[in-house]
Structure formats: structure tokens, C-alpha cells
Amino acid sequence: MLLHVRGTKYLHRLYAEKLRHRVDPQGCKFRISSKTNKLIITLKKADAEYWDGLRVHNSLPYRRGGGGPPR
């Protein structure tokens, strides 16, 4: 997912790779909090299913001994 937000001086980019499920870009919304000046993005699910997280959990491969060169 790649999001561009153009401010008064800069172009801000948010990139999140390997999302857990599909997102409907046309149904997504955003707003700016007047109290804290934060950008709040609401994603819309493409499929009606339960999301237990936003991104896919990546597990590192098992390495015996913790890896790295011997001392």
C-alpha cells in the first residue's frame, strides 16, 4: 500500500508492504485531527473477514547458535 499526502511544503509518503488482507482503495477515508494535527487513515476491507492484524507476520528462519561469526 502506498499513500501520498501533499502538504503545503512537502509531499509525504506512507508505504506499508505485505498487508495481511486486501484493501478497497475507493472505500478508504482520511481525516486530520484538529487537536493533535495527526493524519488518521481508515482502511476499508475488500472482503468481509476478520482482521487480527494489519500486516503479515514475518518469521525469521531458524539458525542454530544465533548466527554471526564465531568468536
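Residues numbered from 1 in each chain as written. Predicted model: local features only at pLDDT ≥ 70, side-chain atom pairs only at ≥ 80, totals over all residues. Heavy atoms only, no water.

If you look the protein chain up in an unreviewed UniProt entry, it shows as CS domain-containing protein from Prymnesium parvum.

Here we take up the pattern of salt bridges. Here the structure, examined in full by the defined rule, presents two salt bridges. Measuring nitrogen to oxygen at the nearest pair gives 2.8 Å for the salt bridge that ties Arg 20 to Asp 52. Of this pair, Arg 20 sits in the loop between strand E2 (11-15) and strand E3 (29-32) while Asp 52 sits in the segment after strand E4 (39-42), and the two are 32 residues apart along the sequence. The class for Asp 52 is exposed, based on a relative accessible area of 53%. Asp 47 is the partner of Arg 22 in a salt bridge, and the nearest nitrogen-oxygen pair spans 3.2 Å. (Salt bridge = Lys/Arg side-chain N within 4 Å of Asp/Glu carboxyl O. Helix = DSSP H or I, 4+ residues; strand = E, 2+ residues; numbered from the N terminus. Buried < 20%, exposed > 50% of the residue type's maximum accessible area, 1.4 Å probe, protein only.)

This part is about a nonpolar patch on the surface. A contiguous nonpolar surface patch, about 560 Å² in accessible area, is contributed by Met 1, Leu 14, Phe 30, Ile 32, Leu 39 and Ile 41. Of all the secondary structure elements, the ones that give two or more residues to the nonpolar patch are E3 and E4. Residue classification places Met 1 among the partly exposed residues on the basis of a relative accessible area of 33%. (Patch = residues over 30% accessible without salt bridge, like charges linked within 9 Å, V, L, I, M, F, W, Y side chains within 5 Å. Areas by Shrake-Rupley, 256 points an atom, 1.4 Å probe, with all protein chains shown as cover.)

Once that is clear, we can look at unusual backbone geometry. Glycine aside, residues mostly have negative phi angles, and peptide bonds mostly take the trans form. The backbone of Lys 18 shows a phi angle near 55°, a positive value even though the residue is not glycine. Note on placement: Lys 18 falls in the loop between E2 and E3. In the Ramachandran plot, Asn 37 falls in the positive-phi region, its phi being about 55° despite a non-glycine side chain. Along the chain, the position of Asn 37 falls in the loop between E3 and E4. Take Asn 37: its relative accessible area is 64%, and that puts it in the exposed class.

With that out of the way, let us pick up the side chain of Ser 33. Within the element layout of this structure, Ser 33 appears in the loop between E3 and E4. Reaching out from Ser 33, the side chain makes a polar contact with the side chain of Thr 36 at a distance of 3.2 Å. Setting aside anything within four residues of it in sequence, one finds Ser 33 in contact with Lys 38 and Ile 40. (Polar contact = N/O pair within 3.5 Å; in protein donor to acceptor, adjacent residues only side chain to side chain. Contact = heavy atoms within 4.5 Å.)

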